[in-house]
Amino acid sequence: MAKLDLLQGTLDLLILKTLALGPQHGWGISQRIQQISENVLRVNQGSLYPALQRLDTAGWIESEWGASENNRQAKFYKLTKKGERQLRDETAQWERMTLAVQKILETEA
Amino acid sequence: MWKRLNSLIRHDDLDRRLNAEVRFHIEMETEKNIRLGMSPDDARLKALRSFGPMEKHKEETRDARGVGWIETLVADLRYGGRALLKHPGYAVLAVLTLGLGIGANTAIFSVINGVLLKPLPYEHGERLVVVQQSAPLSGRRSTGVAIAEYFDYRERAKDAFDGLVEYHQMNFDLINRGEPDRVNTGVVSANFFDLLGIEPVIGRTFVAADDVKGAEAVLVLSHTYWQTKFGGDPNIVGQVFEMNDRPHRVIGVLPNVPHYPQENDVYMPVLACPFRAAAEGNIARNRRAFAALNVFGRLKPGVSAEQAASTVGSICHNFTNDRTFAQVYRPEQSGFQGTVVEVRDALTSGARDMLLILLGITGMILLIACANVANLTLARMLGRDRELAMRTALGAGRSRLVRQLLTESGLLAVCGGIVGVVFAYGTIGMLTRFVGRFTSRTGEIEIDLIVLIFTLGVSIVTGILFGTLPALGSRVDLVSALKQGGGQTGESRGRKRMQGALIVAQVAVSVVLLVGAGLLLASFYRLQRVETGYRSTGVLAAQVYGNFSKYPDVDSLRRLYLPMIDRLQSQPGVVSVAVTNAVPLAGGAPGTTRFDIEGRVTDDPERRPTSDTRIASSKYFETIGIPLVSGRVFNDLDTDISNPVIVINKSMAKYWDGTDPVGSKISTDRGEHWFTVVGVVGDVRQFGLAQETVAQLYVPLTQTPQGFAGQVLVRTTGDPASFSNTLRNTVHLVDSTLPVEQVQTLDDLRSEALAAPRLTATLLAIFAALALLVTLAGIGGVIATSVTQRTKEFGLRMALGAGRDSVLAMVIRQGLSLVVIGLAVGVAGALVAGRVLNAYLYQTAPRDPIIFAGVAALFILCGIIACLIPARRATTVDPLIALRAE
């Protein structure tokens, strides 16, 4: 499967959406993205972490160390109120954009 | 915001946690892969591959923490510091070289700041101007301002000035507990301190009531005098001291500010100066009585210096063209004029050129230092290629690399700056004394905050300057750099060209400095060999001034000096004694007394020849050793009632057009009185070693009609300096209240006269030598690294049959070619820049070919030696080892 290069902003959006489903740690987020997109989007896993830090610094997610499913210490992230708002805004923007692209592609040549 | 700060403080903690987080991720991914059926090793490898470049991601995560530049800077500084500590030799050498360059600039800048840049420490200092009068057509650049003229300006220029005050300096005796203390006394208008905005620290300064006839004589003390002579006694106000045979009461003490226009110990109001008071009574008869005033004032707000100048100019024009003063000024012939000059300019213009030259020189030294450190860094880069390649391969961004290199350079430069400040502290005393010969405004020279900021700025710019060069060359070709044995990549060729260019630049700058030093040294040497016209060795001189009130006229002065001469003559070890009014080489400017030769009266009085007048006791010429050319010198038969005689020097004898002047008569007052020339003596350099001799005439002490200052000269058999105590005691036997000052041997005086050119030449020679050394070290370093790099090549050549000599020659040729190019550029630069030194050269042409040839030869010789040492290493290469070595 081709690995599509994700733009930074897109990755942010995906992370926020993934976390909307519930708190998760970094590895878990990468697995979720892979699963839900049916392996179309294979994120270069390491690039999640700078993105997570960015979102943390911006205040859209917050982090906490806790025990993972196999009782190991892991850093969990969860969406903040600001993050929820940001997710709503960005989703709307994304939808607007894809609609526009779609319209252009559908136009008879 | 808090998150960012938090991240900065808990840096290490966060790093550890990030590592833990990433570790967790890899473990989970590995386990997933194992579940999918891979072997543990494969599972882990795949997990790592899926993760991607770990360091890069971690770095980006750290960057994303958002502290941005501070954290990066700290990290870079730490990294740079560690890198430098690994190569302490390089670091120390670089810091010292930079310290020298930066320090020299800091020192010069603090002098420039204190002399030229700082505003005057007086209220509204920028509005202070001084009134200057001159008579350019008569050759007099400064004629001083006379009392009557000052009154005119004060009366008529009211709309240009807030106030116009007068100042002159006298030396009086202040009797402090019975001891006479010769004090520099500023005699000033009552509103002098108000004009300057100087408030006393205790007591008060003058008011108008202090400066009227019959007022009590009052004194204001300077801060320094109060501290040194009275220990800062808080009860000094009200104490009374005897001066000029009158009681003077201290009314106040000045704060510790620099004095304008001269430093003085005490100040008194105008009418308290007996000389000035007497002259003021004379102004009706003598328009230019007491033309020794400094007149300055403060411009009214809104009035420019130019406007004030034109006001003063027209007032001057009016009184010089006034019929009543026709004989006094003769404006068409003399060009008498008045103008106004800003005080700051007047104080500092003498030093401006010299300081700018020095700044240029230290700037050049700094450039040489930078070039050297850049070369050092470039040489070190050659060893870091592999390190840089690996870091690039591991994901370090190029900009990050460049930033780190610049930070390292910056660190070096700032350390250099600190060394430089220490260096500046050490040299500023010497520099201040040096510049004191060109201006009196040296009291404000210090290393203050502005100077430190300047140093910091220079350090940073320096760091950027020499840091960018190597950083630019840090474009790394990964493949060839990582390959063993590097070899001549296009990279290092570029770097080599840069090194070569730097060497050429260093050589060029050093050549310019060396030529300058050579010229100044040659000039100093010639100055030193100037014949003074007298024999200075073995003569002691001292100033013994008669107090004006005790010795108000010539007769009383003669009654003082003639017995003094006899007493001194009778002391053991004394060959002869004389009294004159000024010793040669003690500075000053020639007087211009016009005279007529009997039988050759000129119609136009302004076209009469002029001569400088000296007063000489009978044994003057033999005491000081001036040779007699014809006729005789003064003797005991020349008394106050015998025929008025004079002795002239050879320069004055020229006016007799070849005939023997002995026996003829001259007059200085258009025929009222005549003096017979009885002898012609040799010329002396009265006013400076570089000054041409002027026509001089000598009047016997016993016959001089005017008052004068007494300079006593004693020729001793032994060391004249050891006679000073006897001199003092003998003088005090005649009059115990006479201070004996400025006691020095004539040899010392001559050294003094040579001091400024000696210092200038020495300073420049030191700078030039430093530049030469640094440049040679740079050449040596570059050649050495080149040799190291070409080891294989040399091995090959020698294996193919080339002798050691030819290899040696190759290396030397490489180094010399750089030197020769640098020489060419430097010589061209020196030819152009030499003109700057014109004012300081004595009988030396700025394009003196001998100096140029000498410098070129010196450089080539030194260049060969500098190349020789690393070159010899090239010849010790064992061809087999070299070819095998990787």
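Use the structure listed above.
All values reported here derive from a predicted model rather than from experimental measurement.

A. Main features of the overall build of chain A. Within chain A, the secondary structure is distributed over four helices and three strands. Reading chain A from its N terminus to its C terminus gives the helix and strand order α-β-α-α-β-β-α. The contacts of chain A with a sequence gap of at least 6 include a subset with a gap of at least 24, amounting to 52%.

B. Geometry of the packing of helix α3 (residues 48-58) of chain A against helix α4 (residues 54-64) of chain B. Two elements in contact, α3 of chain A and α4 of chain B, have axes separated by 8 Å at closest approach and are oriented at 5°. In terms of orientation, α3 of chain A and α4 of chain B fall into the roughly parallel class. Here Y49, P50, Q53, R54 and T57 of chain A of α3 of chain A lie close against α4 of chain B, whose contacting residues are H57, E60, T61 and A64 of chain B.

C. Representation of the environment of T455 of chain B. Along the chain, T455 of chain B turns up in helix α16 (residues 449-472). Classification of T455 of chain B as buried rests on a count of 25 C-beta atoms within 10 Å.

D. Broad picture of unusual backbone geometry. Residue and element names in this part refer to chain B. Positive phi values are uncommon outside glycine, yet H124 reaches one of about 55°. Looking at where H124 falls in the secondary structure, it is placed in the loop between α6 (88-117) and β1 (128-134). Look at N244: it is not a glycine, yet its phi comes out positive at around 50°. Locating N244 in the fold gives a position in the loop between β6 (240-243) and β7 (246-253).

E. Quick look at the sheet that holds strand β2 (residues 61-67) of chain A. Residue and element names in this part refer to chain A. Read from one edge of the open sheet, three strands run β1-β3-β2, paired in antiparallel fashion. Unpaired on one side and paired on the other, β1 (24-25) and β2 mark the two borders of the sheet. When β2 meets strand β3 (residues 73-79), the two strands line up antiparallel, connected through seven bridges. Its bridge partner being in β3, E64 is matched across the sheet by F76.

Calculation criteria
- The numbering scheme is per chain: residues are counted from 1 as the chain's sequence reads.
- To label them, take the chains in the order written and letter them from A, then take the ligands in the order written and number them from 1.
- The predicted nature of this model means local features are confined to residues of pLDDT at least 70 and side-chain atom pairs, given and counted, to a pLDDT of 80 or more, with totals for whole chains, interfaces and linings taken over all residues.
- The helix count covers DSSP runs of H or I at least four residues long, the strand count covers runs of E at least two residues long, and both are numbered beginning at the N terminus.
- Two residues qualify as a contact pair if the distance between their C-beta atoms, derived from the backbone, is within 7 Å.
- Note on geometry: axes are C-alpha line fits, over the in-contact stretch for helices, and angles between N-to-C directions span 0 to 180 degrees.
- Any angle that is under 35 degrees is reported as roughly parallel, and any over 145 degrees as roughly antiparallel; angles of 65 to 115 degrees are reported as roughly perpendicular and all others as oblique.
- Three classes are used. A residue is buried when 20 or more other C-beta atoms lie within 10 Å of its own, exposed when 12 or fewer do, and partly exposed in between, with C-beta atoms placed from the backbone.
- At least two bridges found by DSSP between two strands are what make those strands a pair.

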